[in-house]
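Descriptive structure summary
This is what each chain is made of:
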Amino acid sequence: MPAAAQKFIDRVTVSDFGKTDLDDDEESSSIMQFTPFTVRLHLIRHGETLANERNIVLGQGDSPLTDKGLALAGISAKSGYLNGRTDAIRYWRTYTSDLYRAHRTAKIVLGLEDIHGNTKDDYDDGVVQQTSSLSDEGVNGIANNINISNNSNNNIDLIVDPRLRELAKGPREGYLKTLSFEEAMSRRLQEAIKDNRYQLDQKLKVPKLESVSDAWGRATDWIASLVKDAADEYHSSVSSKKGFIKDNNSDPSCNTTTDEGTPEKIYNVFALSHSALIRTMVHKMVDDQLPKNYALTNEGSLLLPNLSRTVIDVRPYYSKLKRNGSSNDRERVDANNKDDNITLRWKYRLVHLADVSHLSADPSINTKPPYL
């Protein structure tokens, strides 16, 4: 274990956090020492699309944002708890799915462009003029245009990451949600025959179908990379006296203390993604922490409204096996660690579920989380 990690270990009660990547036998046979930092995931669903409005399955297909989707993204861009431009929160990393609907939403929310697609450079160069409202666009003109020239995140690096894209829905993509898998396959076959795109000696081409385990695999790969990068950054720049990040880019609002009074660094991560992937992450990470009365979709799934924000803490810890065990594919071995029995793992804690309070500028939006 790195010397800094050993010196500034933050010991907390394991029961404070949820699921771990250890099974019960492994967890009971290991010594757990929490790190003095947390990776906090802000998982935001993209704005409403035409497909959402028409109740069509999208999957890894795509659809443009509706006027309402654009307007509410503009409202979200004004929220200090979402846009990363105020002392309320500063993002360590910002990510978006590579699908258009997510990427477009992320750029608006983070202030990289306005709802019309104009960037800071467009305003600085005089290509467009600042306006005070959307006039006839959006939801009855309720969202004011983003003041790109004054409030944009000039130094933000929005990372486009395909690991955050939606689950691939196979043959149902592009069809109404009311159609079953079999009905969608039959409809595709009929349409292919009608359009002379299908021959009896050929296989019917359908969109990719992805399992929940496949999607969770890429999500955990993304989380693992965040934890590793945060650990490397923390231990390479930690103060030998206080345990705080010393670089000039650190934001004091990200530093906090634990119940034990130990300094702790919060690495806030913005991630603009999709309902099925966020839902998968929620159930895999904090299913045992969900309120009993959370809202459901018409299909019986956890309801995650467009532009809702779900926040989950990922708390890393160093685990040392009490017995001489061999490593397995879930271990995240610290590259700087000389002891093969010490691994970097993490536990999860639900902070917010499907929060839409940042949409309060629209009086038609229920600002309480949908499960209350």
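Everything numeric here is computed off the predicted structure, so don't read it as measured data. (Residues numbered from 1 in each chain as written. Predicted model: local features only at pLDDT ≥ 70, side-chain atom pairs only at ≥ 80, totals over all residues. Heavy atoms only, no water.)

**Describing the overall build of the protein chain**
Threshold: Strands here are runs of E lasting at least two residues and helices are runs of H or I lasting at least four, both read from the DSSP assignment and numbered beginning at the N terminus. By definition in these notes, contact holds between two residues if any of their heavy atoms fall within 4.5 Å. Exposure was quantified through the Shrake-Rupley algorithm and a 1.4 Å probe, taking into account, for residues, occlusion by the shown protein chains and nothing else.
Summing up its helical and strand segments, the protein chain has 10 helices and eight strands in all. In the protein chain, of all internal contacts separated by at least 6 residues, the share reaching a separation of at least 24 is 75%. Element-wise, carbon and sulfur atoms account for 45% of the exposed surface of the protein chain, whose accessible area totals about 17,900 Å².

**Points about the confidence of the model for the protein chain**
What counts, and what does not: pLDDT measures the predictor's confidence residue by residue and takes values from 0 up to 100.
Taken as a whole, the protein chain shows an average pLDDT of 76; of its residues, 65% reach a score of 70 or greater. Considering only residues more than four positions removed or in separate chains, one finds that residues 1–17, a stretch of pLDDT under 50, has 49 contacts. Per-residue pLDDT stays below 50 along residues 366–372; that stretch engages in 17 contacts with residues further than four places along the chain or on separate chains.

**Notes on helix α8 (residues 181–194)**
As a reminder, the rule being used: Every helix has an expected span of 1.5 Å times one less than the residues it contains. We call a residue buried when its accessible area falls under 20% of the maximum for its residue type, exposed when it is over 50%, and partly exposed in between, using a 1.4 Å probe and counting protein chains only. When we speak of the arc, we mean the arc of directions from the helix axis to the C-beta atoms.
The first and last C-alpha atoms of α8 sit 20 Å apart over 14 residues, in line with the 20 Å expected at 1.5 Å per residue. When we look at burial in α8, the residues that qualify are Ala-184, Arg-188 and Ala-192. The buried residues of α8 occupy an angular sector of 70° when the element is viewed end-on, so they sit on one face. Among the exposed residues of α8, those oriented more than 90 degrees off its buried face are Glu-182 and Lys-194. Looking one or two residues beyond α8, the residue adopting positive phi is Asn-196, at roughly 60°.

**Focus on the pattern of salt bridges**
What counts here: A pair is scored as a salt bridge if a Lys or Arg side-chain nitrogen falls within 4 Å of a carboxyl oxygen belonging to Asp or Glu.
Under the criterion given, the structure shown has 12 salt bridges. Between Asp-62 and Arg-101 there is a salt bridge, with the nearest N and O atoms lying 3.1 Å from each other. Pair noted here: Asp-62 is in the loop between α3 (50–53) and α4 (67–76) and Arg-101 is in helix α5 (residues 100–109), with a separation of 39 residues, a long-range link. Classification of Asp-62 by relative accessible area gives partly exposed; the value is 36%. A salt bridge links Arg-93 to Asp-229; its shortest N-O distance comes to 3.3 Å. With Arg-93 in strand β3 (residues 93–96) and Asp-229 in helix α9 (residues 212–237), the pair connects residues that are 136 residues apart, well separated along the chain. Classification of Asp-229 by relative accessible area gives partly exposed; the value is 33%.

**Notes on the packing of α9 against helix α10 (residues 275–286)**
To characterise two packed helices, one gives the angle between the axes of the helices and the distance between these axes. Defined as follows: For helices, the fitted line uses only the C-alpha atoms of the stretch in contact; every axis is such a line through C-alpha atoms, and the angle between N-to-C directions lies from 0 to 180 degrees. With respect to orientation, any angle under 35 degrees is reported as roughly parallel, any angle over 145 as roughly antiparallel, any angle of 65 to 115 as roughly perpendicular, and every other angle as oblique. Under the scheme applied, nonpolar residues are Ala, Val, Leu, Ile, Met, Phe, Trp, Tyr, Cys and Pro; charged residues are Asp, Glu, Lys and Arg; polar residues are all the others, including Gly.
Close contact between α9 and α10 brings their axes to 10 Å; oriented N to C, the two are set at 80°. Here α9 lies roughly perpendicular to α10, going by the angle between them. In this structure, α9 contributes Val-212, Ala-215, Trp-216, Arg-218, Ala-219, Trp-222 and Ile-223 to the contact, and α10 contributes Leu-277, Thr-280, Met-281, Lys-284 and Met-285. For the contact of α9 with α10, the residue count by class is nine nonpolar, one polar and two charged.

**Details of the nonpolar core**
A general feature of soluble globular proteins is that nonpolar side chains tend to end up buried together. The cut-off we apply is this: Buried Ala, Val, Leu, Ile, Met, Phe, Trp, Tyr and Cys residues form a nonpolar core when they are joined through side-chain atoms within 4.5 Å.
Membership of the largest hydrophobic core comes to 42 residues, with the highest contact counts inside it found for Leu-41, Trp-222, Ile-223, Met-281, Met-285, Val-314 and Tyr-348. Within the residue set of this core, elements represented by two or more residues are β2 (37–45), α9, β6 (263–273), α10, β7 (309–321) and β8 (342–355). With 11 residues, α9 is the largest single contributor of residues to this core. Contacts of Met-281, omitting those with residues within four sequence positions, involve Leu-41, Leu-43, Trp-216, Ala-219, Trp-222, Ile-223 and Val-286. With 21 residues, the next largest nonpolar core counts Leu-82, Ala-102, Ile-108 and Leu-110 among its residues.

**Section: unusual backbone geometry**
Phi at Leu-307 is positive, roughly 65°, even though this residue is not glycine. Take Leu-307: it is sitting in the loop between α10 and β7. The class of Leu-307 is buried, set by a relative accessible area of 1%. If you check the backbone angles, Ala-354 has positive phi at about 50° while not being a glycine. Mapped onto the fold, Ala-354 is located in strand β8.

**Focus: the environment of Arg-163**
To be explicit about the condition: We call two N or O atoms a polar contact when they sit within 3.5 Å, provided that within protein one can donate a hydrogen and the other can accept it, with sequence-adjacent residues counted only if both atoms are side-chain atoms.
Considering the arrangement of structural elements, one finds Arg-163 in the loop between β4 (158–160) and α8. Judged by relative accessible area, Arg-163 falls into the partly exposed class, the value being 21%. Between the C-alpha atoms of Arg-163 and Thr-96, which are 67 residues apart in sequence, the distance is 9.2 Å. Among the polar contacts listed, one links the side chain of Arg-163 to the side chain of Asp-221, at a separation of 2.8 Å.

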